[in-house]
Amino acid sequence: LCLMAAPGKVAAFRLPPLPTIGEIIKLFRLKALKQLSQNFLLDLRLTDKIVKQAGELKNAHVCEVGPGPGGITRSILSAGVEQLLLIEKDARFIPGLQMLSEAAPGKVHIVHGDILTYKMEKAFPKHLKKSWEDEPPNIHIIGNLPFSVSTPLIIKWLENVSKRDGPFIYGRTQMTLTFQKEVGERLTANPGSKQRSRLSIMAQHLCTVENCFVIPGQAFVPKPEVDVAVVHFTPLVQPKIQQPFELVEKVVQSVFQFRRKYCFRGIETLFPENGRLKRTEQLMMTANVDPTLRPFQLSMSQFRNLCNAYRKMCDEDPSLFVFSYREELRQKKMTRSSLESTGQPEQTEEENQL
């Protein structure tokens with residue numbers, strides 16, 4: 001199938017006639033592996049639509065994550081990119097991608113590797129670097145991610161955004177990625193929404209996050225049990241919470257620890273048992289946050305106040321930041337185990353919930 005340009009537009013680059021994605025799958029006997037949560041997107045109108053969400057790609061440098069049989073890859077090449085880096089973990093897809101590489105001489109570089117460990121700092125030419133305050137560089141990350149890797153990968157990249165390293169060493173690199181519909185809703189959820197979660201805060205305090213459109217599950221082979229959201233990220237010039245990533249993550253994670261309870265219940269887990277109540281009250285008062293709000297009701301400015309107040313307390317007592325509530329529970333449990341003969345209670349409600 002030759003990929004034609006849209007009527008009335010002159011394509012900057014046109015792939016020569018190639019087997020269809022379905023034929024590639026048959027030719028190389030490719031089968032989506034359930035344990036890797038793989039799902040193929042064969043409809044080129046949908047792959048074109050995903051690529052369109054990335055913005056203007058003419059002469060851009062693009063990294064595609066997990067190209068699989070190469071559906072989105074064809075749409076990216078047809079958009080007239082300068083260079084395309086493909087990072088694919090599954091060796092079965094490499095021969096089909098090499099066929100695409102040969103059809104676009106000099107444009108495609110294939111890496112057989114894991115995106116979670118690949119060093120993105122060296123993925124693109126140095127001359128593309130832009131200052132953080134400038135417009136985003138002409139670099140894009142695009143990917144139809146396996147569900148099993150999508151959440152850990154976006155958390156890793158959000159940490160990179162915070163530290164301005166990895167793919168963001170070049171500036172405010174934009175990303176267009178797929179997630180389970182529910183994860184897409186969490187990434188963009190507003191205060192008060194039941195989908196509001198740790199992911200909402202971590203993404204929105206660092207990026208402008210847009211839920212572009214939803215692809216029905218039946219468009220994929222094999223059909224997943226859920227629909228798929230296409231989400232676009234543009235890093236912000238100034239994060240909404242100006243504290244280290246690890247500190248923000250610890251506070252946000254603690255708040256959402258008991259998402260159905262009042263927020264002070266999760267905030268308590270930031271402090272050791274000795275003095276817990278007093279310190280929790282101090283933090284809530286300094287941050288001016290109503291302790292009876294549920295975690296999903298808190299606004300971004302309230303999370304910012306909590307993080308700033310917690311940072312001040314950590315500066316005064318550095319042992320606070322390394323305190324682990326889970327470790328404290330584990331130690332208590334071990335102590336209880338050694339005293340089982342004295343008829344101590346089996347498990348606390350907190351231990352059960354965690």
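Residues numbered from 1 in each chain as written. Predicted model: local features only at pLDDT ≥ 70, side-chain atom pairs only at ≥ 80, totals over all residues. Heavy atoms only, no water.

Caption draft 1: Just the overall build of the protein chain, in detail. Helix and strand counts for the protein chain come out as 14 helices and nine strands. The proportion of buried residues among the 354 residues of the protein chain is 49%. Split by element, the accessible area of the protein chain, about 17500 Å² in all, is 51% carbon and sulfur. (Helix = DSSP H or I, 4+ residues; strand = E, 2+ residues; numbered from the N terminus. Buried < 20%, exposed > 50% of the residue type's maximum accessible area, 1.4 Å probe, protein only. Areas by Shrake-Rupley, 256 points an atom, 1.4 Å probe, with all protein chains shown as cover.)

Caption draft 2: Main features of the pairing of strand 5 (residues 139-143). Among the five residues in strand 5, five count as buried, and that is most of the element. Going residue by residue along strand 5, you find I139, I141 and G143 tucked away on one face and H140 and I142 tucked away on the opposite face as well. Here strand 2 (residues 61-65) runs beside strand 5; their pairing, made up of five bridges, is parallel. For V65, the partnering residue across the bridge sits in strand 5 and is G143. As defined by bridge partners, strand 5 adjoins strand 6 (residues 174-180) across four bridges and the pair is classed as parallel. The residue bridging I142 from the neighbouring strand is T176, located in strand 6. Since strand 5 and strand 6 lie parallel, the crossover through helix 5 (residues 147-163) that links them has a hand, and here it is right-handed. (Pairing = 2+ DSSP bridges. Right-handed = clockwise from strand over helix to strand, strands pointing away.)

Caption draft 3: Structural detail: the UniProt feature "binding site: S-adenosyl-L-methionine" (unreviewed entry) in the protein chain. This chain's UniProt record puts "binding site: S-adenosyl-L-methionine" (unreviewed entry) on N39, L41, G66, E88, D114 and N144. Position of E88 relative to the elements: it lies in strand 3 (residues 83-88). Setting aside residues up to four positions removed in sequence, E88 forms contacts with G66, P67, G68, F93, I94, L97, V111, H112 and G113. A polar contact of 2.9 Å, which involves the side chain of E88, links it to the backbone nitrogen of D90. Looking at the secondary structure, you find N144 in the loop between strand 5 and helix 5. Classification of N144 by relative accessible area gives buried; the value is 15%. When sequence neighbours within four positions are dropped, the list of residues in contact with N144 reads N39, V65, G66, I72, T178 and F220. A polar atom in the side chain of N144 sits 2.9 Å from the side chain of T178. (UniProt positions renumbered as here; feature names shortened; annotations may be inferred. Contact = heavy atoms within 4.5 Å. Polar contact = N/O pair within 3.5 Å; in protein donor to acceptor, adjacent residues only side chain to side chain.)

Caption draft 4: Broad picture of the nonpolar core. Of all hydrophobic cores here, the largest spans 65 residues; its most connected members are W157, L177, F179, L187, F233, L283 and L306. If you tally residues by element for this core, the top one is helix 11 (residues 300-316), at eight residues. The residue makeup of this core includes at least three contributed by each of domain 1 (24-235) and domain 2 (245-340). Each residue touching L306, except ones within four places of it in the same chain, is listed here: V251, V255, I267, L283, M284, A287, V289 and L298. Of all hydrophobic cores here, the second largest spans 27 residues; its members include L57, I72, L86 and F213. (Core = buried A, V, L, I, M, F, W, Y, C linked by side-chain atoms within 4.5 Å. Domains from an automatic or database assignment.)

Caption draft 5: Quick look at the pattern of salt bridges. If you walk through the whole model with that rule in mind, you get 13 salt bridges. Of the charged contacts, one joins E249 and R198 as a salt bridge, the two residues approaching to 3.1 Å between their closest N and O atoms. Of this pair, E249 sits in helix 8 (residues 245-255) while R198 sits in helix 7 (residues 198-204), and the two are 51 residues apart along the sequence. Looking at E249, the relative accessible area reads 18%, which means it is buried. Take R198: its relative accessible area is 23%, and that puts it in the partly exposed class. The salt bridge partner of D317 is R279, with a shortest N-O separation of 2.6 Å. Taken together, the residues D317 in the loop between helix 11 and helix 12 (319-322) and R279 in helix 10 (residues 276-287) connect sequence positions 38 residues apart. With relative accessibility at 22%, the residue D317 sits in the partly exposed group. Residue R279 is classed as partly exposed on the basis of its relative accessible area of 22%. Beyond isolated ion pairs, a larger network of salt bridges with shared partners links E159, K163 and E246. (Salt bridge = Lys/Arg side-chain N within 4 Å of Asp/Glu carboxyl O.)

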